[in-house]
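The lines below spell out each chain.
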Amino acid sequence: MRVKCEKCKTRSEKILENNQKKCQINMFNSWLIKVIVGLICFILIYQITANMLLQSDYFKRSVNRRPERNMYHWDTAWTIIPGVIRVKNYQMSVMTQSNTWHLTIDSARFSLNPVGLLKRSVRIGNVRSSGVSFKLDSRNNQKIISAIDDRIITDTINSNREIFPGNTRIDNVDMEDARPQWRISIGKATIKNLYSLEINDYKWSGTGRVSGSFCMITRDVMHVRHVEACLEQGAIDVHNETVSDNMSLQIAARLGPFVPRDNRGALMLNYLESSVLVKGDFNQLEFAKQYIGDVDWFDINGKGYLQAELCLDNGLFCEDTSILFRSEDIVTEVKGWLFEGSGILNGSIVRIGQDLHSTLDLHLGNASVQHSEKSDEPFQIPNLNATFQGKNIRIADDDPDVTIQIEIPQTIVNDLSRYNVFFPDSGGFEILPESECILQAHLSATQTGVSAKVRLHGQNNGIRLGQQDFRGDFDLQAHLKTTDPDFDVFHMQDMFLKLRNVHDITSAASGYGWSGSLVIPETTVKTGTPVEISSEVEIGLSHSKPVSNVFSSGQRHWFEDYIHFEDLTGKAHLDINPEVIRLSKVSLAGTGVVSPEYGINPFAINASSTEIDFNKGISGLNLNFNIPHSVIPDLSVVNDYFPKTGAIAIKPGRTGLISASVNISNNEGIIELDLAGNNTHFWLFDEYFRGDPMFRIRLNTNNILGGVFQMDGSQFSLKNVDCIEKDCEVSWWSDVQVKSGTVKIGKPLTGNGKVELHMRDTGPILALFQDESRAVRWLGDILLIRNIAGNAQMQLNADGMRINDLVLEGDNLLLRAKLLRTVNLDKGILYVRFRGLSLGIEMENGERSYKFINPRRWYDRYNWPD
């Protein structure tokens, strides 16, 4: 029985246990049903409430309580799954203290944790969007520049004024937000069909994909954890102009964390880590002008292909950065000069120690250079190399520390006459056409300024100085520096100009070359057309010819046949301005050289001038030198100064002694010259003599370059004169002193003057008028009268010599005569009265006639040629 009872007990317990389990299951099922029902109710209530709220105008106005700073709009928005929202045609504009940005989305799906809103946290995850456009403007605009229709903004503002009076401020917006901070985060965001991405004046538009995540605490830290973008075959607009139609970008980046309010604008880029791959064509390069600042003297255009990988580490360009740019058509204008050609730009960054060194190499091939105002053929630069070097460069640097080195190899520059624009039109200096040179240059630019070393070399180039044209070789080198951003003022040092083998091509008389140099140790140059220079200079000239020719309006100077100056060195002040090229305060020293036939040793000279105007000439000339006593090996060289009539000539082979002094002050000059011969053979009016001639010449003028002198006080003497071809009883002498008169120096001399004569007797004069028959025998008695004195009016010209009104008097003697001696005519008339007897004689080309009746009347009335 007990056994049976035990079994019954066990069975009862099992039944009881089963009943308890069934009870628990029934209770769970009851709660599950309640939860499901409640959840369904919640979802229904959520969908109804949330969708009504999302579609409510009141809700839209609530989130747009400050439309002047934040504006949100959507056409439709709905939710089915709690926390998951879908939206279509979403538009948003936000303005901060430093930025305004705008976002439009065709459609989007995202999750939102509504509980976090209670803790001022906006957590958005699993964003999926399509048809997105984004615009960021960081120029601190004071109103929203929005893609949202202005009617929507106006309606929203007006509605908010009714619902939230006094809460919406449009004028004098308070940019400091004192409200509590919010935490905003977006995770796992994906954008398909990115239409456009616009940042300030740069806009990309095309087809793109973007993914990334983002978090921010308002007025505090911002962090873009990662972003990846693939922008394919898009268009690039700069300043609303399309510069590329097929630009592709591959981007991988992260930004921050950083505090936006402390790192506004481009400073946020210092927290950027990224790798950007860019490929595409540029159909115009004019947009690049903005990178050198707001200047009106620079312009650029052309086409090219760019391939670059830009790698940043917290805003710092790092090792993997590279750039390649190729162009077959670049046109650049700098200060009116056009550069056109093809080029390749290569860039890379390498790490050396702790520093990152950046290098950009630019190579231009077959570049042409031409002034924009000239239609002449441009000159070609076969190869131009430029290197840009920097260290630790940041993308946010407005003015990075970069050194630019530009090397221009030997380049032929044709038609140098195009550069006459740099000299004043009436300055007296001009480069002649068909001139060319070889250019070499090295330019260096840093943050502190620009430096350039330039060298030019030309052969057989033509220049015009004053009225003279020259051809020759030249070398010019200079070192220029500037800190002026507009390149209007340069500091120039070590400027050296060398001229060689220069020949006068205007005058056929120029048979030798000269050289010269101009050195400017240091000065300031104002660029422009023309340039402006005011500086002390050092001058060197191998020969005085360029000075004499240039400043005599192309006419030959009187002293060029007699004397010139060599190895001239000195100093002056140079002025080049829009009106004139001028040397002032000129001081020169050198060596004087007389023509070799005179046999005079070189001597020292000193010269100065208050001003040398390249167009007008020399003023304030000062010159002084002394020629020591020198022996002339052949005194017959002075025959060149006598008329070629045989009236007077010195036989070659006799020596002479000469000395001279020249003093010129302010273009007024005094020349003193002494010349003497010993036992010199000469012809005087066809008679052959020997004797000791002496010339004591005193000249003064108020226009030394004119060559016309007053010769008052000059003296000509003949001593110990003997006849050679016939017997002379005693030696004859004469002395001629110039009381007044002028002479123009040349070969022969020309001039006129009044002279006083003293001579032993009248022998040489009577010899002209007497024939061999001595028809009038008493004339011979006149020769016995000694110490004859008188005066005459003498005239010299290129045709011959004229003596007017020769009057000689002695003891019971009066002799008057007129003589004309040319190459084709030998003519004279004579009146002589001696001891109550008088006689007239007419002589012409060897024929003589005697006048015995009223000879004085005949003489006075004779029709003598003027």
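The text that follows walks through the structure, step by step, so that each part is easy to find.

About the cut-offs
- Residues numbered from 1 in each chain as written.
- Predicted model: local features only at pLDDT ≥ 70, side-chain atom pairs only at ≥ 80, totals over all residues.
- Heavy atoms only, no water.
- Helix = DSSP H or I, 4+ residues; strand = E, 2+ residues; numbered from the N terminus.
- Buried < 20%, exposed > 50% of the residue type's maximum accessible area, 1.4 Å probe, protein only.
- Contact = heavy atoms within 4.5 Å.
- Areas by Shrake-Rupley, 256 points an atom, 1.4 Å probe, with all protein chains shown as cover.
- Pairing = 2+ DSSP bridges.
- Phe/Tyr/Trp six-rings, centres within 6.5 Å; stacked < 30°, edge-to-face > 60°.
- Lys NZ or Arg CZ within 6 Å of the ring centre and 35° of its normal.
- Core = buried A, V, L, I, M, F, W, Y, C linked by side-chain atoms within 4.5 Å.
- Salt bridge = Lys/Arg side-chain N within 4 Å of Asp/Glu carboxyl O.
- Patch = residues over 30% accessible without salt bridge, like charges linked within 9 Å, V, L, I, M, F, W, Y side chains within 5 Å.
- Lys, Arg positive; Asp, Glu negative; His and termini not counted.
- Charge placed at Lys NZ, Arg CZ, Asp CG, Glu CD.

### Looking at the overall build of the protein chain
No. 1: On a plain count of helices and strands, the protein chain comes out with eight helices and 42 strands.
No. 2: For the protein chain, with 866 residues in total, the buried portion stands at 43%.
No. 3: In the protein chain, 56% of the contacts between residues at least 6 apart in sequence involve partners at least 24 apart.
No. 4: Element-wise, carbon and sulfur atoms account for 53% of the exposed surface of the protein chain, whose accessible area totals about 46100 Å².

### Re the pairing of strand S30 (residues 668–677)
No. 1: Across ten bridges, the pairing between strand S29 (residues 656–665) and S30 is antiparallel. Within S30, the residue paired with Ile658 across the bridge is Leu675.
No. 2: Where S29 folds back on S30, the antiparallel hairpin that results is connected by two residues, among which Asn666 adopts a positive phi of roughly 55°.
No. 3: Bridge count between S30 and strand S32 (residues 687–701): eight bridges; the pairing is antiparallel. In the strand pairing of S32, Ile671 is matched with Leu699.

### Thoughts on the packing of aromatic side chains
No. 1: One pass over the structure, following the stated rule, counts 15 aromatic pairs.
No. 2: Ring geometry for Phe470 against Trp514: centres 5.6 Å apart, planes inclined by 85°, an arrangement best described as edge-to-face. Residue Phe470 is located in strand S20 (residues 468–482), and its partner Trp514 is located in strand S22 (residues 514–526); the two are separated by 44 residues in the primary sequence.
No. 3: Its relative accessible area of 4% is what places Trp514 among the buried residues.
No. 4: One aromatic cluster is present, formed by Phe565, Phe603 and Phe625 through successive ring pairs.
No. 5: Positioned above the aromatic ring of Tyr859, the side-chain terminus of Lys818 is 5.9 Å from the ring centre.

### Here we look at the nonpolar core
No. 1: Counting residues in hydrophobic clusters, the biggest one holds 115 residues, and the most contacted among them are Leu583 and Phe625.
No. 2: The residues touching Phe625, leaving out its near neighbours within four places in the chain, are Ile563, Phe565, Phe603, Ala604, Ile605, Ser661 and Val662.
No. 3: Listed in part, the 34 residues of the second largest apolar core include Ile85, Val132, Val210 and Leu345.

### Some thoughts on unusual backbone geometry
No. 1: Cis geometry is adopted by the peptide bond preceding Pro530, which originates at Thr529 and carries an omega value of 10°.
No. 2: Topologically, Pro530 is positioned in the loop between S22 and strand S23 (532–543).
No. 3: Residue Pro748 is reached from Lys747 by a cis peptide bond, and omega for that bond is 0°.
No. 4: Structurally, the position occupied by Pro748 is in the loop between strand S35 (732–744) and strand S36 (750–759).
No. 5: Phi at Asn314 is positive, roughly 55°, even though this residue is not glycine.
No. 6: Tracing the backbone shows Asn314 in the loop between strand S10 (298–313) and strand S11 (316–317).
No. 7: Notably, Asp494 is not glycine yet its phi reads approximately 55°, a positive angle.
No. 8: Tracing the backbone shows Asp494 in strand S21 (residues 489–504).

### Thoughts on the environment of Leu830
No. 1: Examined against the element boundaries, Leu830 turns out to sit in strand S40 (residues 826–834).
No. 2: Given the relative accessible area of 0%, Leu830 is considered buried.
No. 3: Non-local contacts of Leu830, meaning those with residues more than four positions away in its chain, are made with Leu766, Phe769, Leu815, Arg816, Ala817, Leu839, Gly840, Ile841, Trp858 and Tyr859.

### As for the pattern of salt bridges
No. 1: What the rule picks out here adds up to 19 salt bridges.
No. 2: The closest approach of N and O atoms between Glu756 and Lys739, which form a salt bridge, is 4.0 Å. Of this pair, Glu756 sits in strand S36 while Lys739 is found in strand S35, placing the two residues 17 residues apart along the sequence.
No. 3: Shared partners join several salt bridges into a network, and the residues in it are Glu430, Arg464 and Asp469.

### Some thoughts on a positive patch on the surface
No. 1: A cluster of basic residues, Lys119, Arg123, Arg183 and Arg225, forms a positive patch on the protein surface.
No. 2: Structurally, Arg225 is set in strand S7 (residues 222–238).

### Things to note about the environment of Val454
No. 1: Here Val454 shows up in strand S19 (residues 449–465).
No. 2: Exposure remark for Val454: the relative accessible area of 23% places this residue in the partly exposed category.
No. 3: Residues contacting Val454, with those up to four places away along its chain left out, are Leu439, Gln440, Ala441, Leu476, Gln477 and Ala478.

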